[in-house]
Amino acid sequence: MAEAPPGSLPTDDDERAPGQGLSLVVNAQFVKDLSFENPRAPASLVASKESPQIDVNVNVNARNLSEGVFEVTLAIRADARIGDEPAFITELVYGGVFTVMNMPEDTLRPILLIECPRLLFPFARRIIADVTRDGGFPPLFINPIDFVALYRRQFALQDQPAAGQA
């Protein structure tokens, strides 16, 4: 039997019975919700001396659809302002349906909230770039997201006791 490289996932050739290997399958990807607002058009499209201030917020959620099948959504909101005036607001909820088989219970949540969004992100990034470009602005290319840090922040907040509790 060939030995697997260190750090690789077990396959059907490993010590598991045939058909018992770890599996992550992308069944579908889809735009669940998409919004673009250009509240000051056409004034916002006139060249400005000032660069817009852009705030990007990202959230990841997962829910079980059936045995081993999960919906993972990546929600991205970008707000652009020039001075005190809004330039544009865009919101995207991009989803995927994933089948996860034979995954140890302690790794399921990180797989769903780190690896699945990592697979969805390039597609969501392109949609945001296209919609901002189609809205008359330069395309907004969102920098790569550290989903591990996002995961840690999300669950660090949940694990902290509420203020005033001992």
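Residues numbered from 1 in each chain as written. Predicted model: local features only at pLDDT ≥ 70, side-chain atom pairs only at ≥ 80, totals over all residues. Heavy atoms only, no water.

J.: Outline helix 1 (residues 105-134), supporting the account with residue identities and numerical values.
T.: Between its terminal C-alpha atoms helix 1 stretches 43 Å, which fits the 44 Å expected from 30 residues at 1.5 Å a residue. Two residues or fewer after helix 1 comes Gly136, characterised by a positive phi angle close to 100°. (Helix = DSSP H or I, 4+ residues; strand = E, 2+ residues; numbered from the N terminus. Expected span 1.5 Å × (residues − 1).)

J.: Go over the nonpolar core with me, naming the residues and quoting the values.
T.: Core analysis: the largest hydrophobic core is formed by 34 residues, its most contacted members being Val60, Val72, Leu74, Phe88, Leu112 and Phe147. Elements that contribute at least two residues to this core include exactly strand 3 (69-82), strand 4 (85-101), helix 1 and helix 2 (147-159). Ranked by residues supplied to this core, first place goes to helix 1 with eleven residues. Leaving out residues up to four positions away in the same chain, Leu112 has contacts with Ala62, Phe70, Val72, Val100 and Pro117. (Core = buried A, V, L, I, M, F, W, Y, C linked by side-chain atoms within 4.5 Å. Buried < 20%, exposed > 50% of the residue type's maximum accessible area, 1.4 Å probe, protein only. Contact = heavy atoms within 4.5 Å.)

J.: Report on the side chain of Asp79, specifying residues and quantitative values.
T.: Here Asp79 lies in strand 3. Taking the relative accessible area as the measure of exposure, Asp79 reaches 18% and is therefore buried. Of the polar contacts made by the side chain of Asp79, one reaches the side chain of Arg77; its length is 2.8 Å. If near-sequence neighbours (up to four positions away) are discounted, Asp79 is found in contact with Gln53, Ile54, Asp55, Phe88 and Ile89. (Polar contact = N/O pair within 3.5 Å; in protein donor to acceptor, adjacent residues only side chain to side chain.)

J.: Let's hear about the sheet that holds strand 2 (residues 53-66): which residues, and what values?
T.: Spatially, the four strands line up as an open sheet ordered 1-4-3-2, and their pairing is antiparallel. Each edge of the open sheet is held by one strand with a lone partner, namely strand 1 (23-37) and strand 2. Within this sheet the neighbouring strands show an average axis-to-axis angle of 15°, counted without direction. Bridging between strand 3 and strand 4 involves 14 bridges; their strand directions are antiparallel. Within strand 4, the residue paired with Ala80 across the bridge is Phe88. The strands touched by helix 1 within the sheet are strand 1, strand 2, strand 3 and strand 4, with strand 4 carrying the most contacts at an inclination of about 140°. (Pairing = 2+ DSSP bridges. Axes fitted to C-alpha atoms, helices over the stretch in contact; angles between N-to-C directions.)

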